[in-house]
Amino acid sequence: MGLGSGLSGHSRTLNDDLVVAPHGCGALPGFAIPVCAGGRKSMNWPNGELHGRLGLLLLAGVFLILQAVFVPAEQAHAQQLDTPPNTLDQKTGPAGIWRDLRRGKPARETRPFTPPVQAIQIEGEEWRKVRNEWIRPIGGGVLLFAFGGIILFALFVRRVPIEGGRSGRPVSRFTRYQRAVHWFTASVFILLAISGLILLFGRTILIPIIGKSAFAAVASAAKQGHNLFGPVFIVALLLLLPAFFRHNRPFWQDLAWLARGGFLSRREPPSGKFNGGEKLWYWLLTVFGLIIAGSGIFLDFPAIAPALVYLQFSHILHAVAAVVLITFAIGHAYLGSAGVEGVLEGMTTGCVDENWARQHHPLWLEELEAKGEKTARGCPRAVDPDGGDVPAAREAAEEAAS
Ligand code: HEM
C-alpha cells in the first residue's frame, strides 16, 4: 500500500553508488564501507617507521601471534554465518565483483577481522520478478476471466426470474444497521479496488491512453487514496463480518447447493438465509480480508516491519489476496443486482418479496414462519421496484376499486 517502488529501490541505490577501485576494492558511499575482492591481499601494512631487520622480525612475530589468536575465531564466525569468508571473484575485475554482489555473495570490508557482509538486499529483485512476471499477468487474466464469466452469464442465463412472479407480500430481511455496514464496506472496497488496480496495472494500461505526466498524477492520487482508505476498510470489515456471521455458519446443505450448481440447476437446492455461494463469499472475505488487512498495516506503516523482506512478502500476499477478493466481488456484485430478480431490494429497502424468499431461501422462510418471526415491519406494502407483476397488490387495488 504505502510503498510505491521502495521495495526494490534498496538494491538500485547500491547499484548506482558502488565505486569499484582498480585494485579490486569497491566503496559503497552510503555505507562508507570499502568492499574488497581479495580481502587480506588489500591490507596496506604501515611501514614508514619500521626500519631494519629487527623491526621486521618483531612485526612478523606480532602478525603470527595475532593470526594464531584471531584467525580461528574469525573462521568460526564465518562458519556461524554459514558463508565462506570471501567469495567474490576478483579475477573477473570490477564487473565480476559487481555481478557477485548482485547475486548476494558476501563481501569483506578492508578493515581486518570483520565478518563478511551481504552488501545488497537481493530479495528485491525476486520480489520485482514475482510482481511483474507472476502476479500481474496471472492476476490480470483472472480478472478478465471474471468479467468474461459475467458477460456469458448475462448472455445465456440473462436474469434469474422470480418463479410465478411477485406475491406483493414483503418479508423483512436485513436491518438498517446491516445495510449501512454493507454499503459502507462496499464503497470503501470499491475505492481501494480501483486505486489498487491503478497501482498494479496502471503503467501498462493507462500510460498509452493518457500519457506519462497525467498517469503520474493519477498514480500519485491512487497511492494517497489507497493508503488513506486502507485502515478505514479494516474498520469496515470488523463491523461487517460480525453483522453477518450468524447466518453464514457452514452446513452440509451448503456444499450440496454448490455441488448441484446453485440457482443454475433446474431446481435450486434449498438453503437457509444464505446459500452456499453467499457463504463462500463471506468466508473468502473473512480469510482474504484479514490477510489484506494484516499485510496492509505493514505496507502502510513500513517503520514497524523488522526488515525489508517482511514488506516484500507482505506486498505479495496483499496483491494476491486482493486479486482473489476483487474477482469474487465482481461476481457477488453482479449476482446481487442485475443477475437475480428481486435480490437487490433486500439490501436497499431491507425487504424482499415472499415468493423470492420461498424460491431462493425456503429453509429460512420456514424457520421464520415456525418461530412466528416472519414480519413485514418497516417494509413498503408491496415491493415492486421493477414495475413487474404484483398479484397481491393488484388484487388489493381491484378489491378497493370494486
Ligand atoms: C457494489 C456492489 C455490491 C452489490 C450490488 C451488493 C449486493 C448485495 C446484496 C443484494 C446482498 C444480499 C444478498 C441476499 O439477500 O441474499 C449482499 C450481501 C452481502 N454483501 Fe454485497 N454487494 C456489493 C458489494 C459488496 C462488497 C464489495 C462486499 C465486501 C467487501 C460485500 C459483502 C457482502 C456480504 C458479506 C453480504 C452478506 C451475504 C453473505 O454473507 O454472503 N458486498 N450484497
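Residues numbered from 1 in each chain as written. Predicted model: local features only at pLDDT ≥ 70, side-chain atom pairs only at ≥ 80, totals over all residues.

1. A look at the overall build of the protein
Broken down by element type, the protein carries 13 helices and 6 strands. Within the protein, buried positions represent 26% of all 402 residues. Taking contacts inside the protein between residues at least 6 apart in sequence as the whole, the part at least 24 apart equals 68%. (Helix = DSSP H or I, 4+ residues; strand = E, 2+ residues; numbered from the N terminus. Buried ≥ 20, exposed ≤ 12 C-beta atoms within 10 Å, placed from the backbone. Contact = placed C-beta atoms within 7 Å.)

2. A word on the site of the ligand
Contacts to the ligand come from 22 residues, most closely from Ala 186, Glu 278, Tyr 282, Ala 333 and Gly 336. Sorting the residues of the shell around the ligand by element identifies helix H5 (176-210), helix H6 (212-245), helix H8 (276-300), helix H9 (308-335) and helix H10 (344-348) as the ones contributing at least two each. In terms of residue class, the shell around the ligand is made up of 13 nonpolar, 7 polar and 2 charged. (Near = placed C-beta within 6 Å. Nonpolar A, V, L, I, M, F, W, Y, C, P; charged D, E, K, R; others polar.)

3. Some remarks on the packing of helix H4 (residues 123-156) against H9
Running from amino to carboxyl end, H4 crosses H9 at an angle of 0°, the nearest separation of the two axes being 10 Å. Here H4 is positioned roughly parallel relative to H9, judged by the angle of their axes. On H9, the residues that touch Glu 123, Gly 124, Trp 127, Val 130, Arg 131, Ile 135, Gly 139, Val 142, Leu 143, Ala 146, Phe 147 and Ile 150 of H4 are Val 309, Gln 312, His 315, Ile 316, Ala 319, Val 320, Val 323, Ile 326, Thr 327, Ile 330, Gly 331 and Tyr 334. (Axes fitted to C-alpha atoms, helices over the stretch in contact; angles between N-to-C directions. Parallel < 35°, antiparallel > 145°, perpendicular 65-115°, else oblique.)

4. Remarks on the nonpolar core
Membership of the largest hydrophobic core is limited to 12 residues, which are Leu 200, Trp 281, Tyr 282, Leu 285, Phe 288, Ile 292, Ala 319, Ala 321, Ala 322, Val 323, Leu 325 and Ile 326. Broken down by secondary-structure element, the contributors of at least two residues to this core are H8 and H9. Ranked by residues supplied to this core, first place goes to H9 with 6 residues. Filtering out sequence-adjacent residues up to four positions away, Ala 319 remains in contact with Arg 131, Ile 135, Gly 139 and Leu 200. (Core = buried A, V, L, I, M, F, W, Y, C linked by C-beta atoms within 7 Å.)

5. A word on H5
In a regular helix each residue adds 1.5 Å, so 35 residues correspond to 51 Å; H5 covers only 42 Å between its end C-alpha atoms and thus falls short of that length. Of all the bends in H5, the largest measures some 85° and sits at Gly 202. Turning to H5, its buried residues are Val 181, Thr 185, Phe 189, Leu 192, Ser 195, Gly 196, Ile 198 and Leu 200. Here the buried face of H5 lies against H4, H6 and H9. (Expected span 1.5 Å × (residues − 1). Bend = angle between axes of the 7 residues up to and from the residue.)

6. Digging into the environment of Ser 167
Within the secondary structure, Ser 167 is located in the loop between H4 and strand E5 (170-172). Ser 167 gets classed as buried once you count the C-beta atoms within 10 Å, which come to 21. For the pair Ser 167 and Glu 354, spaced 187 residues apart in the sequence, the C-alpha separation amounts to 6.3 Å.

7. Considerations on the confidence of the model for the protein
In the predicted model, the protein carries a mean pLDDT of 80, and 71% of its residues have values of at least 70. Counted against residues more than four places away or in other chains, residues 1-6, with its pLDDT under 50, gives 15 contacts. (pLDDT = per-residue confidence, 0-100.)

8. Section: H9
In this model, H9 (28 residues) spans 41 Å end to end at C-alpha, consistent with the 40 Å of a helix rising 1.5 Å per residue. Leu 311, Gln 312, Ser 314, His 315, His 318, Ala 319, Ala 321, Ala 322, Val 323, Leu 325, Ile 326 and His 332 are the residues of H9 that are buried.

9. Here we look at the packing of H6 against H8
Remark: H6 packs on H8, axes separated minimally by 10 Å, with the N-to-C direction vectors making an angle of 150°. As judged from the angle between their axes, H6 and H8 are roughly antiparallel. The interaxial crossing formed by H6 with H8 has left-handed handedness. Within the contact between the two elements, H6 uses Asn 227, Gly 230, Pro 231, Ile 234, Leu 237, Leu 241 and Phe 244 and H8 uses Tyr 282, Thr 286, Gly 289, Ala 293, Gly 296 and Asp 300. Grouping the amino acids of the contact of H6 with H8 by side-chain chemistry returns 7 nonpolar, 5 polar and 1 charged. (Left-handed = near helix turned anticlockwise from the far one by under 90°.)

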